[in-house]
Amino acid sequence: MAEHLPLSRISTVDALSASLRSRILSGELQPGAHLSEVELATAYGVGRHSLRAAFRELVRGGLLVHEPNRGVRVPVPTAEGSEDLYLHRAAIELGALRMALADGRSFAGVQAPLQALEAMPDDEPWDRVAVAHDAFHAAIVDAAGGRRLSAAYADLQGELLFFVTRIRPLYTVRTMIAAHQRLAAALLGGDPARAEAALALDLAQGRDAIRAALAGLS
């Protein structure tokens, strides 16, 4: 079946990356699935050089794995990978929160992604839920005002989105909204200790949900 790229001013490579990213995060392309250059280039009606460039971008973002002489495949999530990502994420996000609190910075940036979550119906595609969730947490990091700190967090985006899609059996759109309404209330409430405790709890709950989801697959 032919795949259609969005009609816009973005480049072919960016459009390919966005389409493949959506298909990976939605579960259409399952963990472990091998991506055939020939089949995808034909389906999308693009040159293989453009497809390879899109593959490279997704490999850098952690959404594909390149294997020498075998091509690329969707990664298979592991408990070890999840734990390592949690430690990295928590160090950046909690560290950014503490710096933002110490400087008296605003966390108003979480309001727009929260509103996006709140507007989602119960059957919203989970990849879109994951993107709004990521934007909420990126806003916490951005509140610290550090360009390199925000860039470090952005480098985790692909892997974070991939793992957040794994918790779909344990979370619904409503539970995701409720969890982030509570977190937003703590962040905007003016109590630093409450804000830090709320974020630490949210991160730990996310880690535990991914642990449970991965255990259910084993």
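Predicted model only: the values in this text are computed from it and were never measured.

## Notes on helix H2 (residues 37-44)
Thinking step 1. Those residues of H2 not exposed but buried are Leu40, Ala41, Ala43 and Tyr44. The buried residues of H2 all sit within an arc of 165 degrees when viewed along its axis, so they share a single face. Exposed and facing more than 90 degrees away from the buried side of H2 are Glu39 and Thr42.
Thinking step 2. Residues of H2 that are buried in the fold lie against helix H1 (12-26), strand S1 (34-35) and helix H3 (48-60).

## Notes on the pattern of salt bridges
Pairing is possible between side chains that carry opposite charge, provided their charged atoms lie close to one another.
Thinking step 1. In total, this model carries 14 salt bridges according to the counting rule given.
Thinking step 2. Of the charged contacts in the structure, one is a salt bridge between Arg52 and Glu37, with a shortest N-O distance of 3.0 Å. Here the residue Arg52 occupies a position in helix H3, and Glu37 occupies one in helix H2, the gap between them amounting to 15 residues.
Thinking step 3. For the salt bridge of Arg73 with Glu67, the shortest nitrogen-to-oxygen distance reads 2.8 Å.
Thinking step 4. Salt bridges here are not isolated pairs; linked through shared partners, they connect Glu83, Arg207, Asp208 and Arg211.

## Regarding the sheet that holds strand S2 (residues 65-67)
Thinking step 1. Spatially, the three strands line up as an open sheet ordered S1-S3-S2, and their pairing is antiparallel. Of all strands in the sheet, those bounded by a partner on one side alone are S1 and S2.
Thinking step 2. In this sheet, strand S3 (residues 71-73) lies alongside S1 in antiparallel orientation, the contact comprising two bridges. Its bridge partner being in S3, Leu35 is matched across the sheet by Val72.

## Examining the packing of aromatic side chains
Thinking step 1. Applying the stated rule across the entire model yields one aromatic pair.
Thinking step 2. Here Phe162 and Phe163 contribute two aromatic rings whose centre-to-centre distance is 6.0 Å and whose plane-to-plane angle is 80 degrees, an arrangement assigned as edge-to-face. Considered together, Phe162 and Phe163 belong to a single accessibility category, that of buried residues.
Thinking step 3. For Arg166, the ring lying beneath its charged end belongs to Phe162, and the centroid distance is 4.8 Å.
Thinking step 4. A cation sits over an aromatic face here: Arg207 above Tyr86, 4.8 Å from the ring centre.

## Quick word on empty space enclosed by the protein
Thinking step 1. By the definition in use, this model includes two cavities of 30 Å³ or more.
Thinking step 2. Lining the largest cavity are 18 residues, with Arg89, Val164, Gly206, Arg207 and Ile210 positioned closest to its centre.
Thinking step 3. Elements with a minimum of two residues in the lining of the largest cavity: helix H4 (79-102), helix H8 (157-164), helix H9 (173-188) and helix H10 (192-217).
Thinking step 4. Take the lining of the largest cavity: its biggest share by element is five residues, from H10.
Thinking step 5. A breakdown of the residues in the lining of the largest cavity according to their chemical character gives 11 nonpolar, four polar and three charged.
Thinking step 6. In this structure, the second largest cavity encloses a volume near 40 Å³.
Thinking step 7. Taken together, Arg89, His133, Asp134, His137, Tyr153, Leu160, Leu161 and Val164 form the lining of the second largest cavity.
Thinking step 8. Of all elements in the fold, only helix H6 (126-142) and H8 reach the threshold of two or more residues within the lining of the second largest cavity.

Each value, and the rule that gives it
Residues numbered from 1 in each chain as written. Predicted model: local features only at pLDDT ≥ 70, side-chain atom pairs only at ≥ 80, totals over all residues. Heavy atoms only, no water. Buried < 20%, exposed > 50% of the residue type's maximum accessible area, 1.4 Å probe, protein only. Helix = DSSP H or I, 4+ residues; strand = E, 2+ residues; numbered from the N terminus. Arc of directions from axis to C-beta. Contact = heavy atoms within 4.5 Å. Salt bridge = Lys/Arg side-chain N within 4 Å of Asp/Glu carboxyl O. Pairing = 2+ DSSP bridges. Phe/Tyr/Trp six-rings, centres within 6.5 Å; stacked < 30°, edge-to-face > 60°. Lys NZ or Arg CZ within 6 Å of the ring centre and 35° of its normal. 1 Å grid on protein atoms, 1.4 Å probe; cavity = no way out; pocket = protein on both sides within 12 Å on 5 of 7 lines; lining within 4 Å. Points joined across faces, edges and corners; volume = space filled by probe spheres on them. Nonpolar A, V, L, I, M, F, W, Y, C, P; charged D, E, K, R; others polar.

Any link to function would need more than the numbers given here.
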